[in-house]
Amino acid sequence: MVLAQLGGSISRAIQQMSNATIIDEKVLNECLNEITRALLQADVQFKLVRDMQSNIKKIVNLDDLAAGHNKRKIIQQAIFNELCKMLDPGKTSFAPKKGKTSVVMFVGLQGSGKTTTCTKYAYYHQKKGWKPALVCADTFRAGAFDQLKQNATKAKIPFYGSYMESDPVKIAVEGVERFKKENCDLIIVDTSGRHKQEAALFEEMRQVSEATNPDLVIFVMDSSIGQAAFDQAQAFKQSVAVGAVIVTKMDGHAKGGGALSAVAATKSPVIFIGTGEHMDEFEIFDVKPFVSRLLG
Ligand code: GDP
């Protein structure tokens, strides 16, 4: 995973700084420049990186640190905290409760891994004793319903969709109604994607959202989209009330920086990451362990 390279580069920069006999402005700047370079190479948005650098400098004011202070520790801690801050929007997302009906709507571009992630999310909860259900409101992509149906059948999760109906709003409403009646506690609505951000997609998303009134909207993003992540996530956020992010394909050659940008753009936490094509290749995302692991 290229993310490991990012972690490795940051760790090396911190190590070099730690090895210096005296920690002065020059040593600190060199360390921060190395980290900046690593983050930019990992496709983290430029503004985020610049803000992080200036924040660390503010926290680590070398002139104010008396000789007795452990400067290395303070700098390391500041870097750790700033990386966590980039990934932590400072608020948690709506948390569905087992046994109480919640509607969760998934949005994202075509190919982002949305349909796969819907099943992974359902399967994850099913294993924990929930009663999830899947609604395929993607009437745009031919084969979307078949894909969802296959996944759902494999995982023994109830599903709803139609080969004939072309109105995604109608299907979404019918599916949600049905599963509410069946006392499902996690009703997952998969919506259409498009190859690119376009007005028709956003309008459709708005309509489905208005009609089904979801408790949570999850934005699914492919981790390999690089610098485009920030704008894409922001565009989705402006159309529907995105409350959480799931980043997919973290197992691939993704640089990973997109995840950081998506958090910043949507001001929503990453709640899970996709780490493969299989149903169980899905992990809960926690900021601090993630950053700790990143830094080795
Ligand atoms: P959608 O168009 O957004 O619904 O995307 P799909 O769910 O059809 O996924 C597109 C492709 O990405 C499929 O081949 C999936 O198997 C694959 N995919 C989805 N999530 C992951 C992941 O976390 N890792 C990997 N390696 N592939 C994934």
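Here the structure is a predicted model, which is why all the values come from computation and not from measurement. Counting of residues starts from 1 at the beginning of each chain's written sequence and follows it residue by residue. Predicted model: local features are reported for residues with pLDDT of at least 70 only, side-chain atom pairs are reported and counted for 80 or more only, and whole-chain, interface and lining totals are derived from all residues. The side-chain numbers reported here are obtained from all heavy atoms of the structure, hydrogens and water having been left aside.

Further remarks concern the site of the ligand. The environment of the ligand is formed by 17 residues, the closest being Gly 111, Lys 114, Thr 115, Thr 116 and Asp 251. Polar contact is defined as a pair of N or O atoms within 3.5 Å, subject to the rule that within protein one atom must be able to donate a hydrogen and the other to accept it, and that residues adjacent in sequence are counted only when both atoms are side-chain atoms. Contacts to the ligand include Thr 115, whose side-chain N or O atom sits 2.8 Å from an oxygen atom. Contact distances for the ligand include 3.0 Å between an oxygen atom and a side-chain N or O atom of Gln 147. Under the DSSP-based scheme used, a helix requires at least four consecutive residues in state H or I and a strand at least two consecutive residues in state E, with every element numbered from the N terminus. Counting residues per element, the shell around the ligand draws most heavily on helix 5 (residues 114-127), which supplies four residues. Each residue receives one of three labels: charged for Asp, Glu, Lys and Arg, nonpolar for Ala, Val, Leu, Ile, Met, Phe, Trp, Tyr, Cys and Pro, and polar for the others, Gly being one of them. Split by residue class, the shell around the ligand holds one nonpolar, 10 polar and six charged. The near set for a molecule or strand comprises every residue that places at least one heavy atom within 4 Å of it.

Attention now moves to the side chain of Ser 239. Within the element layout of this structure, Ser 239 appears in helix 9 (residues 229-239). Setting aside residues up to four positions removed in sequence, Ser 239 forms contacts with Phe 202, Met 205 and Arg 206. The contact rule is simple, with two residues in contact once any of their heavy atoms fall within 4.5 Å.

With 14 residues, helix 7 (residues 168-181) extends 20 Å between its outermost C-alpha atoms, agreeing within 8% with the 20 Å of an ideal straight helix rising 1.5 Å per residue. Each residue gets one of three labels from its accessible area relative to the maximum for its type: buried under 20%, exposed over 50%, partly exposed in between, using a 1.4 Å probe on protein chains only. For helix 7, the full list of buried residues reads Pro 168, Val 169, Ile 171, Ala 172, Gly 175, Val 176 and Phe 179. Viewed end-on, helix 7 has its buried residues packed into an arc of 165°, placing them on one side of the element. Among the structural elements, strand 1 (102-107), strand 2 (132-137), strand 3 (159-160), strand 4 (186-191) and helix 8 (199-212) are those in contact with the buried residues of helix 7. The first or second residue beyond helix 7 is Asn 183, which carries a positive phi of 60°. In this scheme, a helix's expected span is set at 1.5 Å multiplied by one less than its residue total. Note: the arc covers the axis-to-C-beta directions of the helix.

Attention now goes to the nonpolar core. Residues grouped as a nonpolar core are buried Ala, Val, Leu, Ile, Met, Phe, Trp, Tyr and Cys residues, joined through side-chain atoms within 4.5 Å. Ranked by internal contacts, the top residues of the largest apolar core, which has 77 residues, are Ile 10, Ile 35, Leu 39, Ile 79, Leu 83, Phe 236 and Val 291. For this core, the element with the highest residue contribution is helix 4 (residues 71-87), accounting for eight residues. When residues no more than four places from it in sequence are discounted, the contact partners of Ile 10 are Ile 35, Ala 38, Leu 39, Ile 79, Leu 83 and Leu 295.

UniProt positions are given in the numbering used here, feature names are shortened, and annotations may be inferred rather than shown by experiment. Here the UniProt-annotated "domain: SRP54-type proteins GTP-binding" (unreviewed entry) positions come out as residues 269-282. As annotated, residues 269-282 has a helix share of 0% and a strand share of 43%, and its two end C-alpha atoms lie 16 Å apart.

Take the sheet that holds strand 8 (residues 282-284) next. One requirement defines pairing of two strands: DSSP has to find at least two bridges between them. Read across the open sheet, the eight strands follow the order 3-2-4-1-5-6-7-8; overall the sheet is mixed. The two strands at the open ends of the sheet, each matched to only one other strand, are strand 3 and strand 8. In this analysis an axis means a line fitted to C-alpha atoms, helices contributing only their contacting stretch, and an angle means the value between N-to-C directions, from 0 to 180 degrees. Against the sheet, helix 8 contacts strand 1, strand 2 and strand 4, and its axis sits at roughly 180° relative to strand 1.

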